[in-house]
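Residue-level listing of the chains:
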Amino acid sequence: MLYALICTDKPGAQQIRLDTRADHLAFLTAMGDRLKAAGPFLNDDGGMTGSLVVIEAESRDEALAVSQEDPYARAGLFETVEIRPWNWALKNPEA
């Protein structure tokens, strides 16, 4: 099943994001085919304010475990992380 990890940065935590970005990207890349999509949320000025990560996992608990291993989460970047089952209905390359 697919899960969307909807992550919102803590206010004033831009430096944490910048300092941890390379490790975060390496973590996502290492997920291989389990990672379906990922990218930052932006504010009106183009600054990064959070992350959307879509992964394949066996359960919500597994998706939660993955989210907790993300270097951004480990560094304390996120104010909230919402995990929601997601159905890729349109333009799914695997459908």
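Located above this text is the structure these notes cover.
Residues numbered from 1 in each chain as written. Predicted model: local features only at pLDDT ≥ 70, side-chain atom pairs only at ≥ 80, totals over all residues. Heavy atoms only, no water.

A. Quick peek at empty space enclosed by the protein. Tallying each qualifying case throughout the model produces 1 cavity of 30 Å³ or more. Estimated volume of the largest cavity: approximately 70 Å³. Along its surface, the largest cavity is lined by L5, C7, F27, L28, V53, V66, S67, D70, A73, F78 and V81. Those elements giving two or more residues to the lining of the largest cavity turn out to be strand 1 (2-9), helix 1 (14-30), helix 2 (60-69) and strand 4 (78-86). (1 Å grid on protein atoms, 1.4 Å probe; cavity = no way out; pocket = protein on both sides within 12 Å on 5 of 7 lines; lining within 4 Å. Points joined across faces, edges and corners; volume = space filled by probe spheres on them. Helix = DSSP H or I, 4+ residues; strand = E, 2+ residues; numbered from the N terminus.)

B. Structural detail: the sheet that holds strand 1. Taking strand neighbours across the sheet as the criterion, the 4 strands line up as 2-3-1-4 in an open arrangement whose pairing is antiparallel. Whereas interior strands pair on both sides, the edge strands pair on one side only; in this sheet they are strand 2 (35-42) and strand 4. Sheet twist, expressed as the average angle between the axes of neighbouring strands with direction ignored, equals 15 degrees. Pairing between strand 1 and strand 3 (residues 48-56): 7 bridges, direction antiparallel. What sits directly across from C7, in strand 3, is S51. Packing against the sheet, helix 2 makes contact with strand 1, strand 3 and strand 4, and its axis sits at approximately 145 degrees to strand 4. (Pairing = 2+ DSSP bridges. Axes fitted to C-alpha atoms, helices over the stretch in contact; angles between N-to-C directions. Contact = heavy atoms within 4.5 Å.)

C. Spatial organisation of the pairing of strand 3. In terms of strand pairing, strand 2 meets strand 3 through 7 bridges, oriented antiparallel. Paired with G39 across the two strands is L52, which belongs to strand 3. Hairpin connection, strand 2 to strand 3: the antiparallel pair is bridged by 5 residues, and G46 has positive phi, about 90 degrees.

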